[in-house]
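Structural features, examined
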Amino acid sequence: MEHKFQELSPHILIMHAEHDTDRPILAAVSGSRRTLLMDAGNSPAHAELFREELARRGWRQPDLLALTHWHWDHTFGMTAWSIPVIAHEETARVLNRLAGLSGSDEELEGLVQEGTISEESVTHIRLEYGSPRVITVGTPDIIFSGSITVDLGGVTCELSHVGGDHSADSCVLHVIEDKVLFLGDALGPSVYGGPRRQQYRFPQAAGAYLRL
């Protein structure tokens, strides 16, 4: 388990991606007054692993959750945290539409047919949740359009909308004092609603970060 987690700085702990069930990077950014969580995880089980590691290390549990975009692997663990959620207005729009989702095979196939998710996503959802499955999609509480800045107490996080091929609502998270920029999947290829395409070429995997 140890290799799954990495302290990037005294303020930042990440849980690395696991590709078997499409679990993305999660990050906790902790200041003197509060902790911000970047992305919710793809399921309550994914979220619980990170919560347990934070507790084991004596880190403050998250007080706020910031979403980089709406895709299921970054958001379906949201309800496991029970904290205020910050999201771009387009992220909120899609999640509000998906809020009644129960996770049935019929619903998932309908989302594939309309181009909302892919067959690959359905495969990963089935692997992550098993069967029978219950999925509860949460909705954001704090909505922004361009960017939003959160003071955690000596640590400042700026969540900024950048868009891109992967998802129109993609945002990046800049931890200013630590000079770390989380990219989410902003530089990844398009995966839903049509042929795969990619505007940018970047050597790091989707969900990576940059030290500035």
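Let me sum up the structure you'll find in this document. (Residues numbered from 1 in each chain as written. Predicted model: local features only at pLDDT ≥ 70, side-chain atom pairs only at ≥ 80, totals over all residues. Heavy atoms only, no water.)

**Thoughts on the environment of S167**
Tracing the sequence through the fold places S167 in the loop between β9 (156–161) and β10 (171–175). Counting along the chain gives 96 residues from S167 to H71, while the straight-line C-alpha distance between them is 8.1 Å. Among residues more than four places away in sequence, those in contact with S167 are H69, W70 and H71. At 2.4 Å, the side chain of S167 forms a polar contact with the side chain of D169. (Helix = DSSP H or I, 4+ residues; strand = E, 2+ residues; numbered from the N terminus. Contact = heavy atoms within 4.5 Å. Polar contact = N/O pair within 3.5 Å; in protein donor to acceptor, adjacent residues only side chain to side chain.)

**Observations concerning the pattern of salt bridges**
Taken as a whole and assessed by the stated rule, the structure comprises 13 salt bridges. A salt bridge links R56 to E53, with the shortest nitrogen-to-oxygen separation between them at 2.8 Å. Of this pair, R56 and E53 are both found in helix α1 (residues 44–57), 3 residues apart, which corresponds to roughly one turn of the helix. For the salt bridge of D105 with R133, the shortest nitrogen-to-oxygen distance reads 3.0 Å. Pair noted here: D105 is in helix α4 (residues 105–113) and R133 is in the loop between α5 (119–129) and β7 (142–144), with a separation of 28 residues, a long-range link. By relative accessible area, which is 14% here, R133 ends up buried. Connected through salt bridges with shared partners, the residues K4, E18, R23 and E128 form a single ionic network. (Salt bridge = Lys/Arg side-chain N within 4 Å of Asp/Glu carboxyl O. Buried < 20%, exposed > 50% of the residue type's maximum accessible area, 1.4 Å probe, protein only.)

**Some details on the pairing of strand β2 (residues 12–15)**
A two-sided burial pattern is seen for β2, the buried positions comprising I12 and I14 on one face and L13 and M15 on the other. Direction of pairing for strand β1 (residues 5–9) relative to β2: antiparallel, over a ladder of 4 bridges. Following the sheet pairing, Q6 is matched in β2 by I14. Counted between consecutive antiparallel strands, the loop separating β1 from β2 contains 2 residues. Of the strand pairs in this sheet, β2 and strand β3 (residues 26–30) are connected by 4 bridges, and their pairing is antiparallel. Bridge pairing in β3 links L13 to A28. (Pairing = 2+ DSSP bridges.)

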